[in-house]
Amino acid sequence: WAYADALGELGRFDEYLHGMEEARRIAAKVSSLDASKVLIIDSSYAIALAMVGRYRESADMYDTVLARWRAAGLPRQRDYAISLANLGAIRYELGDLDAAEDLLREAVTLDHTMYGEAHPNTAVQMRMLGQVLSARGKTEEAESLLVAAQAVHGAMYNPAHPQSVSDASALGAL
């Protein structure tokens with residue numbers, strides 16, 4: 001599973017998807033693996049599907065993962081928030097702006113609770129929510145979130161850092 005994740009980080013998305021498929025097969029055979037680990041593997045598989053352009057399958061997998069997470073009563077922590085945010089971004093790509101907004105609002109709320117507003121994870125989710133709100137014509141709220149995200153990243157990174165560049169691009173698109 002870690003090897004597959006490394007392939008994804010290297011941009012070798014087809015191999016990443018294959019590795020995550022294998023990790024899911026192995027996890028299904030390991031009875032001692034706790035539910036949260038299986039959900040994290042399935043979440044990684046869902047993002048692998050998105051990385052190869054299989055957005056609808058990815059969205060369906062994330063819907064399943066999040067439903068199983070809720071049904072199991074597992075804590076809503078970092079991996080849950082990441083799954084929410086990833087599904088929100090995928091719903092945005094698919095044009096489902098209502099669902100994207102709801103998912104990203106929940107992700108921002110969780111990240112704010114876990115990390116605070118001045119954390120890079122929270123700032124990334126705020127930027128994604130800002131982009132969705134901009135697409136929905138909610139310009140004032142979008143601008144507020146995008147400016148806040150840019151302030152967090154600006155305090156941590158130089159202007160050429162990918163997060164800073166993404167923030168500036170999102171603000172420029174308003």
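In what follows, the structure referred to is the one given above.
Computed from a predicted structure; not experimentally measured.

Rules behind the numbers
Residues numbered from 1 in each chain as written. Predicted model: local features only at pLDDT ≥ 70, side-chain atom pairs only at ≥ 80, totals over all residues. Heavy atoms only, no water. 1 Å grid on protein atoms, 1.4 Å probe; cavity = no way out; pocket = protein on both sides within 12 Å on 5 of 7 lines; lining within 4 Å. Points joined across faces, edges and corners; volume = space filled by probe spheres on them. Helix = DSSP H or I, 4+ residues; strand = E, 2+ residues; numbered from the N terminus. Salt bridge = Lys/Arg side-chain N within 4 Å of Asp/Glu carboxyl O. Buried < 20%, exposed > 50% of the residue type's maximum accessible area, 1.4 Å probe, protein only.

## Overview of the layout of surface pockets
Stage number 1. Put simply, the second largest pocket is a space of about 210 Å³.
Stage number 2. Considering the residues around the second largest pocket, the lining is formed by 13 residues, among which Ile82, Asp111, Asn121, Val124 and Gln125 are closest to the centre.
Stage number 3. For the lining of the second largest pocket, the secondary-structure elements that each account for two or more residues are helix 5 (78-93), helix 6 (97-115) and helix 7 (120-135).

## Overview of the pattern of salt bridges
Stage number 1. On inspection of all chains with the given rule, the structure shows 13 salt bridges.
Stage number 2. Across the pair Asp98 and Arg136 runs a salt bridge, and its minimum N-O distance is 2.3 Å. With Asp98 in helix 6 and Arg136 in the loop between helix 7 and helix 8 (139-156), the pair connects residues that are 38 residues apart, well separated along the chain.
Stage number 3. Of the charged contacts, one joins Glu101 and Arg105 as a salt bridge, the two residues approaching to 2.9 Å between their closest N and O atoms. In this pair, Glu101 and Arg105 both sit in helix 6, four residues apart, roughly one turn of the helix.
Stage number 4. When its relative accessible area of 6% is taken as the criterion, Glu101 is described as buried.
Stage number 5. Judged by its relative accessible area of 28%, Arg105 is partly exposed.

These results come straight from atomic positions and should not be treated as a statement about function.
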